[in-house]
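Given next are the chains, with one letter for each unit.
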Amino acid sequence: MTSSLEKVFEGTNASLALLQVLAENSFDSILVTDASAAGKIIYANKAFKKLTGHEPADVLGQTPRILQGPGTDKKVIDRLSGALKAGGRFEGKAINYKKNGTPLIMHWRVLPIKVGKKIMAWVAIQREG
Ligand SMILES: Cc1cc2nc3c(=O)[nH]c(=O)nc-3n(C[C@H](O)[C@H](O)[C@H](O)COP(=O)(O)O)c2cc1C
């Protein structure tokens, strides 16, 4: 019988451990927000710090809007807002800013984490591009 992630991790707490290893060691920046309308950050990985200069501990409770500034394309953000309201996924590029004010082209995806039909959180995968 072929093994699968589901079978190996079934009934254990190892799923969270797997996700933590993946997120902590990912080359891409990973951001998780809660499901509230404000979208408060509940997790950021080390690659987020490398990409943006923000310390993960400092951004908890804030929103990813801290990355935006005068050059951020409002049309892209409106498209993202529409996707969030519809419970769908988003992919796009826009100018964002590092903590020290240096602009970067952010290429990112946002995806809902659902249990049944209920959205529990949002995950973003981000890189410069
Ligand atoms: C998981 C997640 C990640 C996000 N990442 C970014 C990001 O990297 N850059 C960005 O400009 N906006 C990002 N946003 C969008 C803002 O947090 C916010 O949803 C957007 O600005 C729309 O809200 P507003 O119209 O109140 O500004 C992200 C949103 C979510 C839910």
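So, a few notes on the structure that sits alongside this text. (Residues numbered from 1 in each chain as written. Predicted model: local features only at pLDDT ≥ 70, side-chain atom pairs only at ≥ 80, totals over all residues. Heavy atoms only, no water.)

### Focus on helix α5 (residues 74–85)
Next up, step 1: With 12 residues, α5 ought to run about 16 Å at 1.5 Å a step, and its terminal C-alpha atoms sit 16 Å apart, in line with that.
Next up, step 2: By the burial criterion, the buried members of α5 are V76, I77, L80 and A83. Projected down its long axis, α5 carries its buried residues within an arc of 115°, all on one side. Exposed and facing more than 90 degrees away from the buried side of α5 are K74, K75 and K85. (Helix = DSSP H or I, 4+ residues; strand = E, 2+ residues; numbered from the N terminus. Expected span 1.5 Å × (residues − 1). Buried < 20%, exposed > 50% of the residue type's maximum accessible area, 1.4 Å probe, protein only. Arc of directions from axis to C-beta.)

### Observations regarding the site of the ligand
Next up, step 1: In the region of the ligand, 16 residues are neighbours, and R65, Q68, N96, W108 and Q126 sit closest.
Next up, step 2: Between the ligand and N96, the relevant distance is 2.7 Å, taken from a nitrogen atom to a side-chain nitrogen or oxygen of the residue.
Next up, step 3: Between Q126 and the ligand, the recorded distance is 2.7 Å, taken from a side-chain N or O atom to an oxygen atom.
Next up, step 4: Starting from 620 Å² of accessible surface for the ligand in isolation, the protein chains cover 86%.
Next up, step 5: For the ligand, the cavity whose grid points lie within 2 Å of the majority of its atoms is the largest pocket.
Next up, step 6: Broken down by secondary-structure element, the contributors of at least two residues to the shell around the ligand are α5, β4 (103–115) and β5 (118–128). (Near = heavy atom within 4 Å. Polar contact = N/O pair within 3.5 Å; in protein donor to acceptor, adjacent residues only side chain to side chain. Areas by Shrake-Rupley, 256 points an atom, 1.4 Å probe, with all protein chains shown as cover. 1 Å grid on protein atoms, 1.4 Å probe; cavity = no way out; pocket = protein on both sides within 12 Å on 5 of 7 lines; lining within 4 Å. Sits in = over half its atoms within 2 Å of the grid points.)

### What to know about the pairing of β4
Next up, step 1: Pairing analysis gives eight bridges linking strand β3 (residues 90–97) to β4, with the strands arranged antiparallel. Among the inter-strand pairings, Y97 is bridged to a residue of β4, identified as P103.
Next up, step 2: Note that β4 and β5 share 10 bridges and pair antiparallel. Within β5, the position partnered with W108 by the bridge is Q126.
Next up, step 3: With antiparallel pairing between neighbouring strands as the criterion, β4 and β5 make up a hairpin whose turn holds two residues, including G116 at a positive phi of roughly 65°. (Pairing = 2+ DSSP bridges.)

### Here we look at the layout of surface pockets
A water-sized probe rolled over the atoms picks out the places where empty space is left.
Next up, step 1: Here the largest pocket is characterised by a volume of approximately 620 Å³.
Next up, step 2: Lining of the largest pocket is provided by 27 residues; of these, A38, P64, R65, L80 and L84 occupy positions nearest its centre.
Next up, step 3: At the level of elements, β1 (29–34), α5, β4 and β5 are the ones that each hand at least two residues to the lining of the largest pocket.
Next up, step 4: Considering only enclosed or pocket space, the second largest pocket measures out at about 410 Å³ in volume.
Next up, step 5: In this structure, the second largest pocket is lined by 13 residues; those nearest its centre are L19, A23, V32, Y43 and V123.
Next up, step 6: Broken down by secondary-structure element, the contributors of at least two residues to the lining of the second largest pocket are α2 (14–25), β1, β2 (41–44) and β5. (Points joined across faces, edges and corners; volume = space filled by probe spheres on them.)

### Section: the environment of K50
Next up, step 1: On the secondary structure map, K50 appears in helix α3 (residues 46–52).
Next up, step 2: For the pair formed by K50 and A124, sequence separation is 74 residues and the distance between their alpha carbons is 15 Å.

### Focus: the environment of R79
Next up, step 1: Tracing the sequence through the fold places R79 in helix α5.
Next up, step 2: On the accessibility criterion, R79 (45% relative accessible area) is partly exposed.
Next up, step 3: Along the primary structure R79 and G69 are separated by 10 residues, whereas in three dimensions their C-alpha atoms are 17 Å apart.
Next up, step 4: R79 has contacts with F90, E91 and G92, leaving out every residue within four places of it along the chain. (Contact = heavy atoms within 4.5 Å.)

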